Amino acid sequence: MQNTSKTLLLILLGLMPLMGKSQTNLSADSARMQWFADAKLGIFVHWGIYSVKGIDESWAFFNGYTTHDSYLEQLNGFTASNYDPSSWATLIKSSGARYAVLTAKHHDGIALWDTRTNSLNVNDNTPARRDLIGPFVQALRAEGIRTGLYYSLPDWSHPDYPLEARDTYRYRDDSVRFAKFLCIQQVQLDELMIRYKPDLIWFDGDWEHSAQEWRAAEIKQRLRKTNPNIVVNSRLQGYGDYATPEQGVPIHRPEAPYWELCLTMNDSWGYQKTDHNYKSANQIINILADCIGMGGNLLLDIGPKPDGTIPHEQVAILNELGRWTKKHGRAIFGTTAGIGREYFAGPTTLSKDSKTLYLFVPWKPVGPLALKGIKSKVAHVRVVGDGNSLNYYENGRAWWSEVPGILYIDLPESLCDEQITVVAVTLKEPLVLQGVR
Ligand code: GLC
């Protein structure tokens, strides 16, 4: 018995430095991720030659809807002739977004910068004839917006990438050739890291190979070497910082500590002139509220035209989003996930000190709002954005019961926002909920 406890003690002592280290790492990680957690809204920009014919980015030739040659013909039409990165940045800023992610290279392998690794880039092979990333990164920084670059690990145009599409293989089991491809990839990543120093890198397509095959650990290490604070999305076979659900809004709060829903405004990532199936600003605002209520971010996509203009439908959505986020900023940015729907029937967020609960009300109330299970004392209830105080009262608390009554809040229709009204419930003490210890 004595021996066992001695062994246990020794194991514990041996583990202590490790435990300390991992704790330091954990807090360093959360400091590195803080801006991302606070940001809540980012804009994804899918810009590439696929906008010329208005077909699916990369997938059009992968899935055989068009040949690779005819896909590449689009290089000739990619002019960027009206590309105005500062107006892009202004628009993004006015939407309320705190970061933007631009497709530096999609699966089609066409680089949006003048890479020295090959000529499949917009500088050498399109009428745009210049680096398109640098000016955007600069314009974003001038607006105080964090910068992200999307980078596809697979490169379906590269002769040394083992493309496997529709049961045809470029090559199989040739580790030398794949290693050659990985070297080129590393040079491209270095170029992006050194030249643009992005705050975030958004990998895609990791599903085509294992972590070991991609040498994911090495990639991550090298990114961190040039850019110690880089935030990496999850699509690096287990080496990322945050989860990236795509299109479908999660029903339950994802378990990952950080996550971001990427979402198209219509049904396409890139510009497709025939796709008019836009979500309304109201639908998008509701999705944003859902995401932040569950502690996540929304990365909302736009797809500029080949000349660099942003379709007017997308501009209109961003403008309305901007009106709403500006009015409700304090309920959105820098908050944490709210409470469950068993307490309130809509999305909610919580201030960092847990003393203000924000209720998102995506409907015009028929009766009073009902907030259940709040044990903390309420100081006041106001409408966010116009400061109006609201009448509230607790009903049904029995003196002998621990269960709080229902907090009813009268929200007159005249104070409602056209999209989602936000009500701030300020507490006298940090939030304590019934049923949660
Ligand atoms: C998917 C697709 C890609 C798109 C991306 C955005 O992974 O492969 O076309 O760019 O999602 O999340």
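Residues numbered from 1 in each chain as written. Predicted model: local features only at pLDDT ≥ 70, side-chain atom pairs only at ≥ 80, totals over all residues. Heavy atoms only, no water.

Caption draft 1: Focus on the pairing of strand β2 (residues 99-105). Along β2, seven of the seven residues are buried, which leaves the element largely enclosed by surrounding structure. As paired strands, β2 and strand β3 (residues 146-152) are joined by six bridges and run parallel to one another. Each residue of the ladder has a partner; that of Y99, found in β3, is R146. (Buried < 20%, exposed > 50% of the residue type's maximum accessible area, 1.4 Å probe, protein only. Helix = DSSP H or I, 4+ residues; strand = E, 2+ residues; numbered from the N terminus. Pairing = 2+ DSSP bridges.)

Caption draft 2: A look at the sheet that holds strand β17 (residues 421-427). On the basis of which strands lie adjacent, the open sheet formed by five strands has the order β10-β11-β12-β17-β14 and antiparallel pairing. The outermost strands of the open sheet, each flanked by one partner alone, are β10 (336-337) and β14 (378-383). In this structure, β10 lies alongside strand β11 (residues 348-350), joined through two bridges in antiparallel fashion. Paired with A337 across the strands is T349, a residue of β11.

Caption draft 3: The nonpolar core, seen in detail. Grouped together as the largest cluster of nonpolar side chains are 91 residues, with contacts concentrated most on W47, I133, F203 and L298. Counting only domains with at least three residues in this core, you end up with domain 1 (2-327) and domain 2 (336-427). Formed by 24 residues, the second largest nonpolar core is a distinct cluster that contains Y343, L357, L369 and L411. (Core = buried A, V, L, I, M, F, W, Y, C linked by side-chain atoms within 4.5 Å. Domains from an automatic or database assignment.)

Caption draft 4: Structural view of the domain arrangement of the protein. Under the domain assignment used here, the protein contains domain 1 (2-327) and domain 2 (336-427). The straight-line distance from the C-alpha centre of domain 1 to that of domain 2 is 37 Å. Domain 1 puts 17 residues into the contact, and the matching count from domain 2 is 17 residues. For the domain 1 and domain 2 pair, buried surface summed over both sides reaches about 1,300 Å², with 50% attributable to carbon and sulfur atoms. (Contact = heavy atoms within 4.5 Å. Buried area = accessible area lost by both parts, 1.4 Å probe.)

Caption draft 5: Quick peek at the sheet that holds strand β7 (residues 231-232). Here we have seven strands laid out as an open sheet, ordered β7-β6-β3-β2-β1-β9-β8, and parallel in their pairing. One side of each edge strand has no neighbouring strand; the edge strands of this open sheet are β7 and β8 (260-263). Where helix α11 (residues 281-293) meets the sheet, it contacts β1 (41-45), β8 and β9 (297-302), and its direction lies at approximately 150° from that of β9. (Axes fitted to C-alpha atoms, helices over the stretch in contact; angles between N-to-C directions.)

Caption draft 6: Main features of the pattern of salt bridges. One pass over the structure, following the stated rule, counts 22 salt bridges. Salt-bridge contacts for D29 lead to R32; the nearest nitrogen and oxygen are separated by 2.9 Å. In this pair, D29 and R32 are both assigned in helix α1 (residues 2-39), three residues apart and thus about one turn of the helix distant. Its relative accessible area of 31% is what places D29 among the partly exposed residues. A salt bridge links D417 to K327, with the shortest nitrogen-to-oxygen separation between them at 2.8 Å. A residue pair is termed long-range when its members are at least 10 positions apart, and D417 in the loop between β16 (406-409) and β17 and K327 in helix α12 (residues 312-327) qualify at 90 residues. Judged by its relative accessible area of 4%, D417 falls in the buried class. Given a relative accessible area of 29%, K327 falls into the partly exposed group. Through salt bridges with shared partners, one network takes in D29, R32, K220, R224 and D241. (Salt bridge = Lys/Arg side-chain N within 4 Å of Asp/Glu carboxyl O.)

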